[in-house]
Amino acid sequence: MKHSVVVLPLVVLIWVFLNGCVYCQTPAGVNVGAIFTFNSVIGRAARVAMKAAVADVNADPKILKDIKLNLIEEDANCSAFMGSVGAFKVLEEEVVAIIGPQSSAIAHMISEIANGLKVPQVSFAATDPTLSALQFPFFLRTTQSDFYQMAAMADLVDFYGWKEVIAIFIDDDYGRNGIAALDDELEKKSLKISHKFPLPIQFDVGNITDMLNKSKVLSTRVYIVHVGPDPRFRIFTIAQKLEMMTSKYVWLATDWLSTTLDSLTPMSQTSLHILQGVVGLRQHIPDSSRKRAFVSRWRKMLQEGLASSELNTYGFHAYDTVWAVAHSIDKFIKEDGNITFSPNDMLLKMNSTDRQMSNLKVFDGGSLLHRILLQTNFTGLSGKVQFNQDNRNIVSDGYDVINIDQMTVHTVGYWSNSSGFSVLPPENLKRDQNSYSSLDQKLKNVTWPSGKTETPRGWEIANNERPLRIGVPYRASFVEFATELPNSHKMQGYCIDVFNASRKYVPYDVPYILEPFGDGHSNPNYYELVQMVANEVFDAAVGDIAIVTNRTKIVDFSQPYATTGLVIVAPVRNSKSSAWVFLKPFTVEMWCVIGASFVVIAVVIWILEHRVNDDFRGSPKRQLITMFLFSFSTLFKTNQENTVSPLGRMVMVVWLFLLMVITASYTASLTSILTFQQLSSPITGIDSLIASNWPIGYQVGSFAHSYLADNLYIPRSRLISLGNPEEYASALRKGPKDGGVAAIIDELLYVELFLTNQTEFGIIGQPFTKSGWGFAFKRDSPLAVDISTAILKLSENGELQKIHEKWFCKMGCPGERRQKTESNQLHMISFWGLYLLCGVFTLGALLVFLLRMVRQFARYKRQQRQQPQQTDPSSPSTVLSKAHCPQIIYSFFDFIDEKEEAIKKMFTQGDNPPGRID
């Protein structure tokens, strides 16, 4: 018994020692699993690339020294079930990592298995963005996530100005999640996927034909195709047969297309003619000497029959994936030294019938190898191989933008997450650029399916097979705006003419049909009409549709083609004539100027006539009376005095012309004031109307009802609906005491039309809301923008005003008639030209008179100096000759005061003095 107690611990110690020695030994080989579809576009290239990588690793003494890297392959056969079976098979071989699969759907399944057994999984082709979720911590990928590809695709759509796209995709994890990422990226740019068309995983020609026929009737013409590689290009082949590869269409493809094209042999590229004008993305592989060397090596393998397809981007990623795993295993062995596996407790507890499952073991160093993989940092064939620590994706190198033209694939630019679009590769741009502007984006010219470089519009709002359905309010009142002709299905009216005129300025044809909305017996509800546009019952609505807040939330409106607003209409009465009404034609300023003009003319005429006209001479009192009586009597043309001097007559001609114009204007203005009805009302505005508690009328179907009730909080019991102008007039005449209304609130354009035949009602105050009429379109309809531009052109060239005059100005425009209630006073600005003319003539006459007087006075002074002093030295002449400046001025005025005849006589005597013999 004592011996057994001693032997047992000794045996245990020996067993532990022997096992430790075994585990500390460097393994002779390391197994890595590879699960992918062998016979596929990606698989054919990836298989050859991975075998080449394994051979290069085993031949390199610097990595995994004396350790052979074994690649255990299993064919997933494009099936998640077969992929899962393959995963179990390779895991039974105690692999330390799984490379693949290429399918995102299979990757989801295998990731769950890899998580359970703690085996890192590195995919070179699974691009589903959701694989980066925390749900799959052991999943890494050396290819770019579709998150970046869809960001590039959204930028491409935005770059060309398209607003909506149609998405065609495979209905699996790869397709659905990729399109979901595209939807998110488009939404960031206020763009959207208008329709989504999923295809079965194993789709056939019938599925494609049905899908394309359904999409053909839609207005959007930009297609984004996100499917798996298809060497037969079946979607584009059917699209060509359905005449969908024309100038009206845009076809964009994710990197499945470039992968397929890169894999084609030169003999297979004859089918590229069906891809004319298609634009796609290709994962960017920077150019390098190692890349060029491997491409040359690949061509040699093709010649030797070792490869069956051309090399594509996923072949580069597959090659680099093997090297990334090899580097990580090498570092793992150097750090830990042991590659051990342990049974899974949960599998051990399973029934004996599941012994095959119990053979699966957990990789003890899985977490460590996973951490080492995340630290990978080397330059491979595909460029920099480095993982993002947050989402375990490889750092994106961007995408090439390719364009197929004349059976040749052209690279028209590049996209990167940091710089956007550029004609230079991302590695040649600044790396520190964190954001980019749309102004910096550049691509080379793209040839579209039409063979032209002009960017397609990207949508077709309607065609002859499916014309635009436009709802038009079938009005019962105010039919001048829009209504249906009797015994006809034609619509006419002011709004219809504006739409037809604006349609001529839209740079493409828009087939349409007008459908009446309403029964014609009562006005329709306009909110219901707008709601039908939002519900796509109508494609648009044309009519007198007010642009108000609740409607703009569900549809898009065009630029307003008419300005309007809510106004108050109420009964009016004549105001009493003022005793001073005769002063109203002119403003106070004008009256002052007229009075001053009479005074100035009186003074000027007196100066010009005083020396030659006896009527303007006499005592100062008489001259003052004559001067002003003459001036004011010119108003009535009854002045008794006549002008004699030429200068005076000239001034009088101009003055009488000015007076004639002023008199005629005064008469016309006073007549207008005395004959036009001046309006007034006890209601002064919306505030007094609300405070009055009187009933208020509104038009049936108008937004006025909801505005008054919801915004101004007027009780609905006070609001009375009225259907036509006759009801308007009747309700206003009855008044609030006899079952009528105190006032009506309606839009200005309706009210102006109503008042054309009414004299006992008027508009009170100014519009208390500002709005306009526009045409309603479905949300994000591109036609709304083009119609808005056309309406602006109509406004600028005057056509909009001509249409308005055609319908509402046969008897004078309502707006002009309303303006007659404004002040008719005349202002000084209306006559300043005449006053300027009169002033110039008057000043000219005074200047000529003054110069003439100075000349005569100078002559007079010379004669005084030349005459001998025959008189007493104290005589006036002697004193005048010796006078200084003040005396000269006084003598000058005395000289002017002399009659013209006396001056001439004085000059005659000076020329012939006494005693002179001629």
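In what follows, the structure referred to is the one given above.
Keep in mind the model is a prediction, meaning the values are calculated, not measured.

So, how was this worked out
Residues numbered from 1 in each chain as written. Predicted model: local features only at pLDDT ≥ 70, side-chain atom pairs only at ≥ 80, totals over all residues. Heavy atoms only, no water. Helix = DSSP H or I, 4+ residues; strand = E, 2+ residues; numbered from the N terminus. Buried < 20%, exposed > 50% of the residue type's maximum accessible area, 1.4 Å probe, protein only. Contact = heavy atoms within 4.5 Å. Pairing = 2+ DSSP bridges. Right-handed = clockwise from strand over helix to strand, strands pointing away. Phe/Tyr/Trp six-rings, centres within 6.5 Å; stacked < 30°, edge-to-face > 60°. Lys NZ or Arg CZ within 6 Å of the ring centre and 35° of its normal. Axes fitted to C-alpha atoms, helices over the stretch in contact; angles between N-to-C directions. Patch = residues over 30% accessible without salt bridge, like charges linked within 9 Å, V, L, I, M, F, W, Y side chains within 5 Å. Areas by Shrake-Rupley, 256 points an atom, 1.4 Å probe, with all protein chains shown as cover. Salt bridge = Lys/Arg side-chain N within 4 Å of Asp/Glu carboxyl O. Core = buried A, V, L, I, M, F, W, Y, C linked by side-chain atoms within 4.5 Å.

1. Points about the overall build of the protein
Stage number 1. Check the secondary structure of the protein and you find 31 helices and 30 strands.
Stage number 2. Here the protein holds 918 residues, and 48% of them are scored as buried.
Stage number 3. In the protein, the share of contacts with a sequence separation of at least 24, taken over all contacts with a separation of at least 6, comes to 73%.

2. Notes on the pairing of strand β7 (residues 192-199)
Stage number 1. Strand direction decides the pairing type here: strand β6 (residues 164-170) and β7, joined by 7 bridges, are parallel. Bridge pairing in β7 places E164 opposite K192.
Stage number 2. For the handedness criterion, the β-α-β arrangement of β6, helix α6 (residues 173-188) and β7 is classed as right-handed.

3. Re the packing of aromatic side chains
Stage number 1. The final tally for this structure, using the stated rule, is 37 aromatic pairs.
Stage number 2. Between F586 and F831, the aromatic rings sit 6.3 Å apart at their centres with planes inclined by 85 degrees, giving edge-to-face as the arrangement. Here the residue F586 occupies a position in the loop between β25 (566-571) and α18 (588-609), and F831 occupies one in the loop between α27 (814-819) and α28 (832-866), the gap between them amounting to 245 residues. Neither residue differs from the other here; F586 and F831 are each classed as buried.
Stage number 3. Put simply, the rings of F478, F481, Y494, F499, Y512, Y561, Y728, Y750, F754, F761, W773 and F775 touch in pairs and so form one group of aromatic residues.
Stage number 4. Directly above the aromatic system of F38 lies the positively charged group of R47, at a separation of 4.0 Å from the ring centroid.
Stage number 5. Above the face of the F316 ring, K291 is positioned so that its terminal group lies 5.9 Å from the ring centre.

4. Some details on the sheet that holds strand β28 (residues 743-747)
Stage number 1. Strand order in the open sheet made by the 5 strands is β27-β26-β28-β25-β29, with mixed pairing throughout. Every interior strand has two partners, whereas the edge strands, β27 (719-722) and β29 (761-764), have only one. Put simply, the sheet's adjacent strands are angled 35 degrees from each other on average, direction ignored.
Stage number 2. The sheet contact formed by β25 and β28 spans 4 bridges and is antiparallel. Looking at the pairing, V567 lines up with D746 of β28.

5. As for a nonpolar patch on the surface
Stage number 1. On the surface, a nonpolar cluster with roughly 470 Å² of combined accessible area is contributed by I829, W832, L836 and V840.
Stage number 2. Considering the arrangement of structural elements, one finds W832 in helix α28.

6. Let's talk about the nonpolar core
Stage number 1. The biggest cluster of nonpolar side chains holds 84 residues, and the ones touching the most others in it are F481, Y494, Y561, F754, F775 and L783.
Stage number 2. Setting aside chain neighbours within four positions, we find Y561 in contact with Y494, C495, V498, G543, D544, W773, G774, F775, I791 and L800.

7. Thoughts on the sheet that holds strand β9 (residues 250-253)
Strand pairing in a sheet takes place through backbone hydrogen bonds and is either antiparallel or parallel in direction.
Stage number 1. The sheet built from 8 strands is open, its strands ordered β7-β6-β8-β9-β10-β15-β16-β17 with mixed pairing. Only two strands of the sheet have a single partner each, and these edge strands are β7 and β17 (420-422). Direction aside, the axes of adjacent strands within the sheet are offset by 25 degrees on average.

8. Concerning the pairing of strand β13 (residues 377-380)
Stage number 1. Of the two faces of β13, only the one carrying F378 and G380 is buried; N377 and T379 on the other face are not.
Stage number 2. The sheet contact formed by β13 and strand β14 (residues 383-386) spans 4 bridges and is antiparallel. Residue pairing across strands places N377 opposite Q386, the latter belonging to β14.
Stage number 3. Counted between consecutive antiparallel strands, the loop separating β13 from β14 contains 2 residues.

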